[in-house]
Amino acid sequence: GCRRSGAEIEKRLTIRTPPKVLAIHLKRFDGAAKIDTPVEFPPRLSLQPFMAAGHNAEHCYSLYGVVSHVGLLD
């Protein structure tokens, strides 16, 4: 709601308590168009850059599986 010109605004969500199992769903469409940009999945993912302030413990996940839809939206 800030209407001042030149105002810099940043929205950031952080994680206070990470889940034991992390499932990530990627939105791969824009309206009626499918997004075909390739996505690479690292074998390990650290949540440290996304943790709330005061949480210094390392929270890493190992990739277990990937489900990829091939084809059209319908």
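The structure this text deals with has already been given above.
Starting from 1, residues in each chain are numbered consecutively following that chain's sequence as written. In keeping with the predicted nature of the model, local features appear solely for residues at pLDDT of at least 70, side-chain atom pairs appear and are counted solely at 80 or more, and the whole-chain, interface and lining totals rest on all residues. The side-chain values count all of the structure's non-hydrogen atoms but skip hydrogen atoms and water molecules.

Undergrad: I'd like a rundown of the overall build of the chain, residues and numbers included.
TA: To qualify as a helix, a DSSP run of H or I must reach at least 4 residues; to qualify as a strand, a run of E must reach at least 2; elements of each kind are numbered from the N terminus. Helices and strands together make up the secondary structure of the chain, namely zero helices and four strands. Secondary structure elements of the chain occur, N-terminal to C-terminal, as β-β-β-β. The C-alpha atoms of the chain give a radius of gyration of 17 Å, which is well past the 11 Å a tight globule of 74 residues would have. Its C-alpha atoms give the chain principal-axis dimensions of roughly 45 × 40 × 15 Å. In the chain, which comprises 74 residues, the share counted as buried stands at 7%. The criterion used for residue contact is that any of the two residues' heavy atoms lie within 4.5 Å. For the chain, contacts bridging at least 24 residues in sequence account for 46% of all contacts bridging at least 6. The protein chains shown are the only cover counted for residues, whose accessible areas, like all others here, come from Shrake-Rupley with a 1.4 Å probe. Here the chain has roughly 7,300 Å² of accessible surface; of this, 55% comes from carbon and sulfur atoms. Here the chain carries 10 positive and 7 negative side-chain charges, and the mean point of each set is 10 Å from the other. We compute the radius of gyration over the C-alpha atoms and compare it with the globule rule, which gives 2.2 Å times the number of residues raised to the power 0.38. Throughout, exposure labels follow a simple rule: accessible area from a 1.4 Å probe, protein chains only, divided by the maximum for the residue type, with under 20% read as buried, over 50% as exposed, and the rest as partly exposed. His is not counted, nor are the chain ends, whereas Lys and Arg count as positive and Asp and Glu as negative. One atom stands in for each charge, and that atom is NZ of Lys, CZ of Arg, CG of Asp or CD of Glu.

Undergrad: Would you mind going over the packing of aromatic side chains in detail, with residue names and values included?
TA: Any two of the Phe, Tyr and Trp rings considered here, Trp counted by its six-membered ring, make a pair once their centres fall within 6.5 Å; the pair's planes then place it as stacked at under 30 degrees, edge-to-face at over 60, or tilted in between. What the rule picks out here adds up to zero aromatic pairs. Only lysine NZ and arginine CZ atoms are considered, and such an atom sits over a ring when it is within 6 Å of the ring centre and within 35 degrees of the ring normal. The ring centre of phenylalanine 29 lies 5.6 Å from the NZ or CZ of lysine 27, which sits over that ring.

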